[in-house]
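Okay, here's what each chain looks like letter by letter:
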Amino acid sequence: SAPTVRELTFSLLRRFHSAHDPIPRTHLLANGRYAVMITAAGSGYSRWRQLAITRWREDVTCDSWGAYVFLRDVASGEVWSAGYQPSGAEADRYEVAFSEGRAEIVRRDGSLVTTLEVAVSSEDDGEVRRVSISNLGSRSREVELTSYAELVLAPAASDSAHPAFSKLFVETEFVADVDTLLATRRRRSPSEPEIWAAHLAVVEGESVRPGEFETDRARFIGRGHAIRAPISVIDGRPLTGTVGAVLDPIFSLRRSLRIPPGTTARVAFWTLVAPSRSEVLNLADKHRDPIAFDRVLTLAWTQAQVQLHHLSIEPDEAHLFQRLANRVIYSDPTLRPAAEVLGRCDPARAWRSLHRPGFGPSVPFISSLRASPGRTIQDRPDCNAKCSDSRRESLADFTRPARTGQPA
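Residues numbered from 1 in each chain as written. Predicted model: local features only at pLDDT ≥ 70, side-chain atom pairs only at ≥ 80, totals over all residues. Heavy atoms only, no water.

A.B. asks: Explain the pattern of salt bridges to me, please; I cannot follow it from the model alone.
C.D. replies: A complete count under the given rule lists 31 salt bridges for this structure. Put simply, Glu 212 and Arg 254 hold a salt bridge, and the shortest N to O gap is 3.4 Å. Of the two residues, Glu 212 sits in strand β17 (residues 212-216) while Arg 254 sits in strand β18 (residues 249-259), which places them 42 residues apart along the sequence. Arg 254 gets classed as buried once you look at its relative accessible area, which sits at 2%. For Asp 235, the salt bridge identified is with Arg 237, shortest N-O distance 3.7 Å. Residue classification places Asp 235 among the partly exposed positions, given a relative accessible area of 44%. Through salt bridges with shared partners, a single ionic network connects Arg 55, Arg 57, Glu 150, Asp 159, Lys 167, Arg 217 and Asp 248. (Salt bridge = Lys/Arg side-chain N within 4 Å of Asp/Glu carboxyl O. Helix = DSSP H or I, 4+ residues; strand = E, 2+ residues; numbered from the N terminus. Buried < 20%, exposed > 50% of the residue type's maximum accessible area, 1.4 Å probe, protein only.)

Given below as C-alpha cells:
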C-alpha cells in the first residue's frame, strides 16, 4: 500500500524517563495566539495573547504551578496525578514524549496505566488535556478524576506584583446547559480587554456519579493543606459547587468512572478562551463532542509540519529551539560563568551595554558566540519566528552580530 503522509514525515521525539531533573524540561505548544508550556513533571502555564490564563512561577525546587489532574482510587483511597506534579506520587513506570504538536506523559501505578495528552487547538483559542486510564488488572476499578488550575486572566507581571489584589476581579459561574464552568475578569477601565474562559470535561466511559465542580481554592485545598495534598481529593470530599466572586478563583471539575478489566476510559478537560461570553459558550458547545479531541490532534500535527516546512526548520533544529526556550524559561545556574570570569567584568560597562539595546535584569535573552564567519542566530529568522510563536511574553530576543569571536 502507498505510504501515508505521516510515514513520509520524519518526526523527532524528545523522550524522558524521569521527572526529577535539576532544571525542569519544558515543551512549548502554540497556535500563534494561545500558548502552553508544560514540563516533564506536568507543571507549566497557559497564556492567551498578553494575558496569563493560569498562575505560574519560576520555581525549580517545588515546580508546583500549572493545570493538573488528580486521580483517586475510590476503593483504596490512593491518590496520584496524571503527571508527577503536584501529588509527588512515584510511579512504577514514568515516560514523557514531547513532539511538535503535543505532549504526552505515561505512568503506571500498579495495574492502572494513566496517559496524559496535551495539545493546543489550531482553530480556536484553547487547550485540551485528555487523561486515559487503562485497567490491566483482573477487577473493576472506580477512579475519580479532578482537574485543578488557578485562574489569573490578567498580565502575568501584574499578577506577580500583587496576586491577592488581582484575584479580587475574577468572577465564576456554572452553566448547566453546557455543563461548563465560566470565568471572567471585571474590567477596571474601558481600555482593558474583556476576557472569558470556559472549562469543561468530556467523558468516554462509564460514569458512576454526576459531575461535580468547584471554583473556590480555599474550599478545594482546605485549611492547613497544600496543593500536594488537597483535602477535597485525599479525603474524597464532594466538591462544594461554589461560584461567584470567590477570593481565590480556580477551575476544578470532577468525574467518576468505573473501568472494567482490560478496558480504557478517557476524560478530556478543555480550557477555552474568547473575548465575550457568547463566543466562549459557543466554543464550549463545539468541543463537547468526543471526536473534537482527535480533530485537534490532527490539525495540531498538520499545523506543526506546515510551520516547520514554511520556516525551513529541520526536526533536529526544532528540538534545539525547544532546548533554547527551556534555558530562557528556567534559569540554569550551570550556565553562570565562573567567579574569576565575573571578576574581570566591569559591572557598570556591562549594564550600559545591555541597557542600550533595551535589555535588563528582568528580560531574558539568548546570545550566541560566532567563532568563525558564517550564520549566527540573528541570521536565522526561522529560530526567531519559532520562538516568537511559542514564547512567554519576551521569550527570546536576539541582538545583532558583533565582530567574529565576540558574543552576539
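A.B. asks: Teacher, can you tell me more about the confidence of the model for the protein here?
C.D. replies: Low-pLDDT portions of the prediction should not be read for the details of their coordinates. Model confidence for the protein is summarised by a mean pLDDT of 87, while 83% of its residues fall at 70 or above. Ignoring residues within four places in sequence, the model shows residues 388-408, a span with pLDDT below 50, making 65 contacts including any to other chains. (pLDDT = per-residue confidence, 0-100. Contact = heavy atoms within 4.5 Å.)

A.B. asks: I would appreciate a short explanation of the nonpolar core in the present structure.
C.D. replies: Buried together is how nonpolar side chains tend to be arranged in soluble globular proteins. In terms of nonpolar packing, the biggest core is built from 46 residues, with Leu 71, Val 131, Ile 133 and Leu 145 touching the most fellow members. Discounting chain neighbours no more than four positions away, the residues touching Leu 145 are Val 69, Phe 70, Leu 71, Val 131, Ile 133, Leu 253, Arg 254, Arg 255, Leu 257, Val 267 and Phe 269. (Core = buried A, V, L, I, M, F, W, Y, C linked by side-chain atoms within 4.5 Å.)

A.B. asks: What should I look at first to understand the side chain of Ser 147 in this one?
C.D. replies: Looking at where Ser 147 falls in the secondary structure, it is placed in strand β12 (residues 141-154). A polar side-chain atom of Ser 147 sits 2.9 Å from a polar atom in the side chain of His 199. The contact partners of Ser 147, leaving out residues within four places of it in the chain, are Tyr 68, Val 69, His 199, Phe 251, Ser 252, Leu 253 and Phe 269. (Polar contact = N/O pair within 3.5 Å; in protein donor to acceptor, adjacent residues only side chain to side chain.)

A.B. asks: Help me understand the environment of Ser 256, please; the structure alone is not making it clear to me.
C.D. replies: Locating Ser 256 in the fold gives a position in strand β18. Judged by its relative accessible area of 3%, Ser 256 is buried. Each C-alpha atom, one on Ser 256 and one on Val 267, is 9.8 Å from the other, the two residues being 11 residues apart in sequence. Ignoring any residue separated from it by four or fewer positions in sequence, one finds Ser 256 in contact with Val 143, Glu 144, Glu 206, Ser 207, Val 208 and Arg 209.

A.B. asks: Mind showing me how you'd approach the pairing of strand β13 (residues 170-175) here?
C.D. replies: Pairing between β13 and strand β14 (residues 180-185): 6 bridges, direction antiparallel. Following the sheet pairing, Thr 172 is matched in β14 by Ala 183. From the end of β13 to the start of β14, which pair antiparallel, there are 4 residues, and Asp 179 there has a positive phi angle of about 50 degrees. (Pairing = 2+ DSSP bridges.)

A.B. asks: What exactly am I supposed to notice about the packing of aromatic side chains here?
C.D. replies: A ring pair, where both rings are aromatic, is described by two values, the distance of the centres and the angle of the planes. For the coordinates displayed, the defined rule picks out 7 aromatic pairs. Aromatic side chains Phe 70 and Phe 220 sit 6.3 Å apart centroid to centroid with 45 degrees between the ring planes, which places their arrangement in the tilted category. Within this pair, whereas Phe 70 is found in strand β6 (residues 68-73), its partner Phe 220 is found in helix α4 (residues 217-221), the two being separated by 150 residues in sequence. Comparing Phe 70 with Phe 220, the two get one shared label, buried. For the ring pair Phe 165 and Phe 169, a centre distance of 5.1 Å and an interplane angle of 75 degrees mean the geometry is edge-to-face. Since its relative accessible area comes to 14%, Phe 169 is described here as buried. Within the aromatic cluster, the residues linked to one another by ring pairs are Tyr 45, Trp 56 and Tyr 330. Between the NZ or CZ atom of Arg 47 and the centre of the ring of Tyr 45, over which it lies, the distance is 4.4 Å. (Phe/Tyr/Trp six-rings, centres within 6.5 Å; stacked < 30°, edge-to-face > 60°. Lys NZ or Arg CZ within 6 Å of the ring centre and 35° of its normal.)

A.B. asks: Explanation requested: helix α7 (residues 291-310) in the structure shown.
C.D. replies: Think of an α-helix as turning once every 3.6 residues; residues three or four places apart then point the same way. Over its 20 residues, α7 runs 29 Å from end to end, which matches the ideal 28 Å to within 8%, given 1.5 Å per residue. Every buried residue of α7 is accounted for by Ala 292, Phe 293, Val 296, Leu 297, Ala 300, Trp 301, Ala 304, Gln 305 and Leu 308. Positive phi appears at Ser 312, one or two residues downstream of α7, with a value of about 55 degrees. (Expected span 1.5 Å × (residues − 1).)

A.B. asks: It is not clear to me how the sheet that holds strand β10 (residues 112-120) should be interpreted in this structure. Could you clarify?
C.D. replies: Adjacent strands of a sheet form backbone hydrogen bonds with each other and so pair up, either parallel or antiparallel. If you walk across this open sheet you meet the 9 strands as β1-β8-β9-β10-β11-β19-β15-β14-β13, and the pairing is antiparallel. Strand pairing shows two members of the sheet lacking a second neighbour, β1 (14-16) and β13, which therefore form its edges. For this sheet, the mean angle separating the axes of adjacent strands, direction not counted, is 15 degrees. Pairing analysis gives 7 bridges linking strand β9 (residues 102-109) to β10, with the strands arranged antiparallel. Its bridge partner lying in β10, Glu 104 is registered against Glu 117. Where helix α6 (residues 277-286) meets the sheet, it contacts β13, β14, β15 (196-204) and β19 (264-274), and its direction lies at approximately 160 degrees from that of β19. (Axes fitted to C-alpha atoms, helices over the stretch in contact; angles between N-to-C directions.)

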